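So you can see what is in the structure, the chains are spelled out below.
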Amino acid sequence: MIYLDYNASAPIASEVLNTVIEVMSSQIGNADSRTHKYGANSKAIVQSARKSVAGLFAVDPQQVVFTSGATESNNMVIQGLKDYGKQTNKKHIIISSVEHKSVLESARALSKYGFEVETVYPDDSGRVKAENLLERVRPDTLLVGLMHVNNETGIIQPVDQIGKFLKKRGVLFLVDATQSAGKLIDEIQKLDYDFLSFSAHKFQGPQGIGGLILNSDIRLTPLMYGGHQERGYRPGTVPVALCAGLGKACSLALENHLKNQNQLKELKTTVLKVIEDSKVKYSINGDPDYCVDSMINISFDDVSSEALMVLLKGICAVSNGSACTSNEYSLSYVLKSMGLPENQIEEALRMSWGPDTDKNELKKAIADICQIVLGFQ
């Protein structure tokens, strides 16, 4: 069975896994223990990993804060700005309707403290219009939160244009780069932002580790208290082996990104050709011109995605929405906010792959899917 749910979690790269195992089995020290070589060795590994992460994002290593992943990072920023917003009397927040739940729910939680959260919707392309968002910026706007690439549709949002504008206006900008980190490397390195969140397991790193890039002098209020690890933002023992794994994943992504881009483009072309040649009736959800090459969100006419996934067991692993909202099935809030018809949303299937996906296996899986779909149509 071929795995086509990389947007939920990509398989860990063998080099990354070897790094994690090596560090976990050979390094017993706490990176904050300063009285012996075991602690010093662990600290050196963490520092090396931080440099590798910084290299991927073209930032200073001191700007990198290790977290458990993008969900924690997003909460750290949004909840961490509560005190600053009160002090400056800036209590207006702008987010898009297609953000990850960690942004949507965290922002809405601030409503209890007098913050106003304004939501911007995309059109049926899945893309938020920059001018529609920017015209809502006010003197009391504290933060704008916009993901770089949507996890359900793969649509690239205009974060470059928005970042440049917000920088001139002095408005804080949070970019959720969960689905673009390690992939759209050149684009990220050129972005203007104050905070950027990411997770390692989306680009073949280990689960349970990610980070926050701090590009602002504003001091966030910590969500937890304890030691002063990670500049006082995240107390607790630093997971040395996971940091090493993240560092290795970042190094590999940076080293191989041109080759990976070409491979992903070839895989996307293959997928679309097989679907087109099969003569199935379908709709692509989101504007293909703004979609990344590592996925597709597609609705097959008259075929429920829930029913289709049952029939695909043993053939391929796919999904019909975000893993964070899949415990109880409901229509995708992302596709809903794009204004798509209900039947098209019910038929939506998300398939995502990586540069290590075998082209022939992928081609066969898509052909099998289309054959099943034809049986319904």
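Basis of the calculations
- Residues numbered from 1 in each chain as written.
- Predicted model: local features only at pLDDT ≥ 70, side-chain atom pairs only at ≥ 80, totals over all residues.
- Heavy atoms only, no water.
- Salt bridge = Lys/Arg side-chain N within 4 Å of Asp/Glu carboxyl O.
- Buried < 20%, exposed > 50% of the residue type's maximum accessible area, 1.4 Å probe, protein only.
- Helix = DSSP H or I, 4+ residues; strand = E, 2+ residues; numbered from the N terminus.
- Contact = heavy atoms within 4.5 Å.
- Polar contact = N/O pair within 3.5 Å; in protein donor to acceptor, adjacent residues only side chain to side chain.
- Core = buried A, V, L, I, M, F, W, Y, C linked by side-chain atoms within 4.5 Å.
- Pairing = 2+ DSSP bridges.
- Axes fitted to C-alpha atoms, helices over the stretch in contact; angles between N-to-C directions.
- Arc of directions from axis to C-beta.
- Phe/Tyr/Trp six-rings, centres within 6.5 Å; stacked < 30°, edge-to-face > 60°.
- Lys NZ or Arg CZ within 6 Å of the ring centre and 35° of its normal.

Asker: With reference to specific residues and values, describe the pattern of salt bridges.
Answerer: A full pass over the atoms with the stated rule returns 13 salt bridges. Its salt-bridge partner being D140, residue R138 comes within 2.9 Å of it at the nearest N-O pair. With a relative accessible area of 28%, R138 lands in the partly exposed category. Owing to a relative accessible area of 26%, D140 belongs among the partly exposed residues under this scheme. Ionic contacts of the salt-bridge type, sharing partners, join the residues K101, E105 and R108 into one network.

Asker: So what's going on with the environment of T67? Which residues, and what values?
Answerer: With respect to the secondary-structure elements, T67 resides in strand β2 (residues 64–67). In the structure, T67 is positioned 24 residues away from K91 in sequence and 26 Å away in space, judged by C-alpha atoms. If we skip the residues at most four places from it in the chain, T67 touches E72, S73, M76, G208, I209, G210, G211, L212 and R234. In terms of polar contacts, T67 uses its side chain to reach the backbone carbonyl oxygen of G69, at 3.0 Å. In this structure the side chain of T67 is engaged in a polar contact, spanning 2.9 Å, whose partner is the side chain of S73.

Asker: Go over the nonpolar core, please, and point to the residues and values.
Answerer: Counting residues in each nonpolar core, the largest one holds 52 residues, and the members touching the most others are F57, F66, F173, L196, F198, F203 and L246. With nine residues, helix α9 (residues 240–278) is the largest single contributor of residues to this core. Apart from the residues lying within four places of it in its own chain, the contact partners of F173 are L143, V144, L146, V159, I162, G163, L166, D192, Y193, D194 and F195. Formed by 31 residues, the second largest nonpolar core is a distinct cluster that contains M76, L220, V334 and L335.

Asker: Tell me what's going on with the sheet that holds strand β6 (residues 172–176), and back it up with residues and numbers.
Answerer: Within a sheet, each strand pairs with its neighbour through backbone hydrogen bonds, oriented either parallel or antiparallel. Reading across from one edge, β2-β8-β7-β6-β5-β3-β4 is the order of the seven strands in this open sheet, with mixed pairing throughout. Each edge of the sheet is formed by a strand with only one pairing partner; in this case those strands are β2 and β4 (116–120). Across the sheet, the axes of successive neighbouring strands diverge by a mean angle of 20°, strand direction being ignored. Pairing of strand β7 (residues 195–199) with strand β8 (residues 210–214) involves five bridges; the strand directions are antiparallel. From the neighbouring strand, F198 faces β8, where its bridge partner is G211. The strands touched by helix α2 (residues 37–57) are β2, β7 and β8; relative to β2, the strand with the most contacts, the crossing angle is about 110°. Most of the contacts of helix α5 (residues 101–109) go to strand β3 (residues 92–96), to which it runs at about 160°, and overall it touches β3, β4 and β6.

Asker: Run through helix α7 (residues 159–169), naming residues and quoting values.
Answerer: Listed in full, the buried residues belonging to α7 are V159, I162, G163 and L166. Angularly, the buried residues of α7 cover 100° about the axis, an arc narrow enough to put them on a single face. Those residues of α7 that are exposed and angled more than 90 degrees off the buried face are K164 and K168. Residues of α7 that are buried sit in contact with α6 (130–134), β5 (141–147) and β6. Two residues or fewer past α7, G170 is found with a positive phi of approximately 75°.

Asker: Now, about the packing of aromatic side chains: what can you tell me, with residues and values included?
Answerer: This model, assessed by the stated rule, comprises two aromatic pairs. Consider the rings of F57 and F198, whose centres lie 4.7 Å apart with planes at 40°: the pair is tilted. Highlighted residues: F57 in helix α2 and F198 in strand β7, separated in sequence by 141 residues. Accessibility expressed as a relative area gives 2% for F57, which makes it buried. Residue F198 is classed as buried on the basis of its relative accessible area, which comes to 0%. Between R219 and the ring centre of Y233, over which it is positioned, the NZ or CZ distance is 4.1 Å.

Asker: Lay out the pairing of β2 with the relevant residues and their values.
Answerer: Side chains of β2 alternate between two faces, with V64 and F66 and V65 and T67 buried alike. Pairing of β2 with β8 involves four bridges; the strand directions are antiparallel. If you follow F66 over to β8, its bridge partner there is G211.

Asker: Residues and numbers for the sheet that holds strand β10 (residues 295–300), please.
Answerer: Taken in spatial order, the three strands of this open sheet run β9-β10-β12, and their pairing is antiparallel. The outermost strands of the open sheet, each flanked by one partner alone, are β9 (282–284) and β12 (348–352). Averaged over all neighbouring strand pairs, the angle between strand axes comes to 30°, with direction disregarded. Examined bridge by bridge, β9 and β10 share three bridges and lie antiparallel to one another. Its bridge partner being in β10, S283 is matched across the sheet by S299. This element, α9, spans β9 and β10 of the sheet and lies at about 15° to β10.

Keep in mind that these numbers describe shape and distance, not what the molecule does.
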